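Below, each chain spelled out in residue letters.
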Amino acid sequence: MAYDETAYRRNAGGDQPSDPSAYRTGVAATDYRNRRRDLDPDDTSGLRTTDSLEIGRRPEPEGGRDRLGVHIGWEIVLLLTVAALAFLLYRLDPAALQRPALDTLLISGAAIGLLALGAGLTLRAGVPNLAVGPIALAASLHYAENGDRGLLSAAVPALGIAAGGALVVALLVLMLHIPGWVATLAAAMGVIVYDQLRTGPVNVQGTYDPSDHAFYLFGGFALLAVLGGAFGTLTPIRRLVGRMRPYGDPAERRGGIAALPIIASLLLSSVFAVGAGILLAAKSTGPIVPGTGLEWTGIAFGAALLAGTSAYGRRGGIFGTLLAVAGIALFLDYADRRNFDIALFAIGAATIGAGLLVTRLVETYGRTVPEGTDEDWNAAPTTGTGWSPDLPETWTPSAAAPQQPRANEQWDLGPWGTGR
């Protein structure tokens, strides 16, 4: 046997193990941690320190797709809940689901839906915008004071200020690389100062009646919700949008490619909040009361979490936002007609609490399926003996009794005996 053959070249230098299995670095490795890392890209428990440092420099692990079965199952539950609430509302007052009461219900749904879209989008981007509620209240107060000048004249300044503020917060998050919720909480407090400058309720001065466009407004929200949910299931888009989500070292900068989704998500969520505030003021039959607006932030994020959007931002469904918003709008109308007198803060807290349970549900049963497998979200593990790297694939046990060695032959001497 020549010295330059493969077996000798592999062992050259003395620092490599002689065990042939040590050269196996793929799924054939006998080290369980190596095999687990290859089969589950999201698992990092068995990585070495250098591997952990490398993860901190790269985005969400590649490979695999999320299981959508848990989202589909939860959306069926939401659909049944919406149907039950609609039935209860119809039994209480059949006119509630007929025009003109239906127009008011649809406008409320569109306003809540815009807030939920903004909350869900910023959750997926890793920069939850806690200022959506105060922004909506500020837009309502602004429209109530300036609506007599026309819808566009009142809406354009509010949209411009909200977009400018969102851009400032986004640049602050990007330049300092700080958690988005901290920056948006500070922004929310600044907007609350503007909201509470009023000493009393403000009567709505505008004449715009959104009832004529109720179906179009709710239909536009529904289209945005379904399209956004569908695009969110695509791995490249999900990974691009979520570059600010914490992984590895959360304080490490994510690079310039993270700027676009952060700016876009904060900008769109603020614009949606302004639209929601104007709709709430335009449909109101009474004055707009100054406050904090944080109750609408709670309802917005509660609706997003109930929809199946994970609190971690990584997972989300398709029809969940539409169904969750419809359920909340129906419940608010039903509670108002029954004179339940439930505070919006209580409803927001309850929806967030239920949404956190949904987060655990989708995170537990929505784990990524490794690429190259046909495993379903609820499939049972396959039975049968698996392939072992320590045995050849063609090995079959022999029924014959093993041959006993001869008395003068040791197991490690071979046919040459001791005189080799």
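The present account deals with the structure reproduced in this document. Given the structure is predicted, the values throughout are model-derived calculations rather than measurements.

This brings us to the overall build of the protein. A tally of regular secondary structure across the protein gives 14 helices and 2 strands. Counting all 420 residues of the protein, 41% fall into the buried class. Across the protein, every contact between residues at least 6 apart in sequence was considered, and the portion connecting residues at least 24 apart equals 81%. When the accessible area of the protein is evaluated, it comes to approximately 23400 Å², of which 62% is carbon and sulfur surface.

For the rest of this paragraph, the subject is the nonpolar core. Counting residues in hydrophobic clusters, the biggest one holds 63 residues, and the most contacted among them are Leu115, Ile135, Phe221 and Val274. Ignoring any residue separated from it by four or fewer positions in sequence, one finds Ile135 in contact with Ala162, Val191, Ser270, Ala273 and Val274.

Within the secondary structure layout, Ser310 lies in the loop between helix H12 (294–306) and helix H13 (320–337). The contacts of Ser310, once residues within four sequence positions are left out, are Leu123, Leu305, Arg315, Thr359, Val362 and Glu363. Among the polar contacts made by the side chain of Ser310, one reaches the main-chain amide nitrogen of Tyr312 at a distance of 3.1 Å.

Time to look at the packing of aromatic side chains. Scanning all chains against the criterion turns up 2 aromatic pairs. Ring plane angle 65° and centroid distance 5.5 Å describe the contact between Phe218 and Phe221, whose orientation is recorded as edge-to-face. A residue pair is termed a helical-turn pair when its members lie 3 or 4 positions apart in one helix, as Phe218 and Phe221 do in helix H9 (residues 214–232) at 3 residues. Here Phe218 matches Phe221 in class, with each residue buried. With 6.0 Å between their ring centres and 70° between their planes, Tyr334 and Phe340 make a pair best called edge-to-face. For Phe340, a relative accessible area of 38% puts it in the partly exposed group. Here the guanidinium or amino end of Arg198 rests over the ring plane of Tyr194, the centre of that ring lying 4.2 Å away.

A word on helix H5 (residues 101–125). Here H5 contains 25 residues, and its C-alpha end-to-end distance of 36 Å stays within 8% of the 36 Å for a straight helix at 1.5 Å per residue. When you tally the buried positions in H5, you get 22 out of 25 residues, the bulk of the element. Positive backbone phi, at 85°, marks Gly126, one or two positions downstream of H5.

Our next topic: the pattern of salt bridges. For the coordinates displayed, the defined rule picks out 4 salt bridges. The shortest N-O distance in the salt bridge between Arg198 and Glu145 comes to 2.9 Å. Here Arg198 is found in the loop between helix H8 (180–195) and H9, whereas its partner Glu145 is found in helix H6 (residues 132–146), with 53 residues between them in sequence. Residues Arg337 and Asp333 are paired through a salt bridge, measuring 3.0 Å at the closest nitrogen-oxygen approach. One end of the pair is Arg337 and the other is Asp333, both in helix H13 and 4 residues apart, which spans about a single turn. Residue class for Arg337 comes out partly exposed when judged on its relative accessible area of 32%. By relative accessible area, Asp333 is classed as buried at 14%. Counted as one network, the salt bridges with shared partners bring together Asp93, Asp333 and Arg337.

Moving on, we come to the side chain of Ser265. Counting through the fold element by element, Ser265 comes out in helix H11 (residues 259–283). Only 2.9 Å separates the side chain of Ser265 from the backbone oxygen of Pro261, close enough to count as a polar contact. The residues touching Ser265, leaving out its near neighbours within four places in the chain, are Leu121, Thr122, Ala125 and Val127.

Another aspect to go through is the packing of H6 against H11. Where H6 contacts H11, the axes come no closer than 7 Å and their chain directions differ by 45°. Between H6 and H11, the angle is such that the two are oblique. With respect to the hand of their crossing, H6 and H11 are arranged in right-handed fashion. On H11, the residues that touch Val132, Ile135, Ala136, Ala139, Ser140 and Tyr143 of H6 are Ser269, Ser270, Ala273, Val274, Gly277, Ile278, Leu280, Ala281 and Ala282.

This part takes up the environment of Val289. Within the secondary structure layout, Val289 lies in the loop between H11 and H12. For Val289, a relative accessible area of 53% corresponds to the exposed category. Distance in space between the C-alpha atoms of Val289 and Arg198 is 8.8 Å, their sequence separation being 91 residues.

We now examine the packing of H5 against H13. Put simply, H5 and H13 touch, their axes get as near as 9 Å, and they point 130° apart. Compared by their axis directions, H5 and H13 come out oblique. With respect to the hand of their crossing, H5 and H13 are arranged in right-handed fashion. Contacts between H5 and H13 involve Ala101, Leu105, Gly109, Ile112, Gly113, Ala116 and Leu117 from the first element and Thr321, Val325, Ile328, Ala329, Leu330, Leu332, Asp333 and Arg337 from the second. Here the contact of H5 with H13 is built from residues that sort into 10 nonpolar, 3 polar and 2 charged.

Cut-offs used in this document
- Residues numbered from 1 in each chain as written.
- Predicted model: local features only at pLDDT ≥ 70, side-chain atom pairs only at ≥ 80, totals over all residues.
- Heavy atoms only, no water.
- Helix = DSSP H or I, 4+ residues; strand = E, 2+ residues; numbered from the N terminus.
- Buried < 20%, exposed > 50% of the residue type's maximum accessible area, 1.4 Å probe, protein only.
- Contact = heavy atoms within 4.5 Å.
- Areas by Shrake-Rupley, 256 points an atom, 1.4 Å probe, with all protein chains shown as cover.
- Core = buried A, V, L, I, M, F, W, Y, C linked by side-chain atoms within 4.5 Å.
- Polar contact = N/O pair within 3.5 Å; in protein donor to acceptor, adjacent residues only side chain to side chain.
- Phe/Tyr/Trp six-rings, centres within 6.5 Å; stacked < 30°, edge-to-face > 60°.
- Lys NZ or Arg CZ within 6 Å of the ring centre and 35° of its normal.
- Expected span 1.5 Å × (residues − 1).
- Salt bridge = Lys/Arg side-chain N within 4 Å of Asp/Glu carboxyl O.
- Axes fitted to C-alpha atoms, helices over the stretch in contact; angles between N-to-C directions.
- Parallel < 35°, antiparallel > 145°, perpendicular 65-115°, else oblique.
- Left-handed = near helix turned anticlockwise from the far one by under 90°.
- Nonpolar A, V, L, I, M, F, W, Y, C, P; charged D, E, K, R; others polar.

Read these as spatial facts, not as claims about activity.
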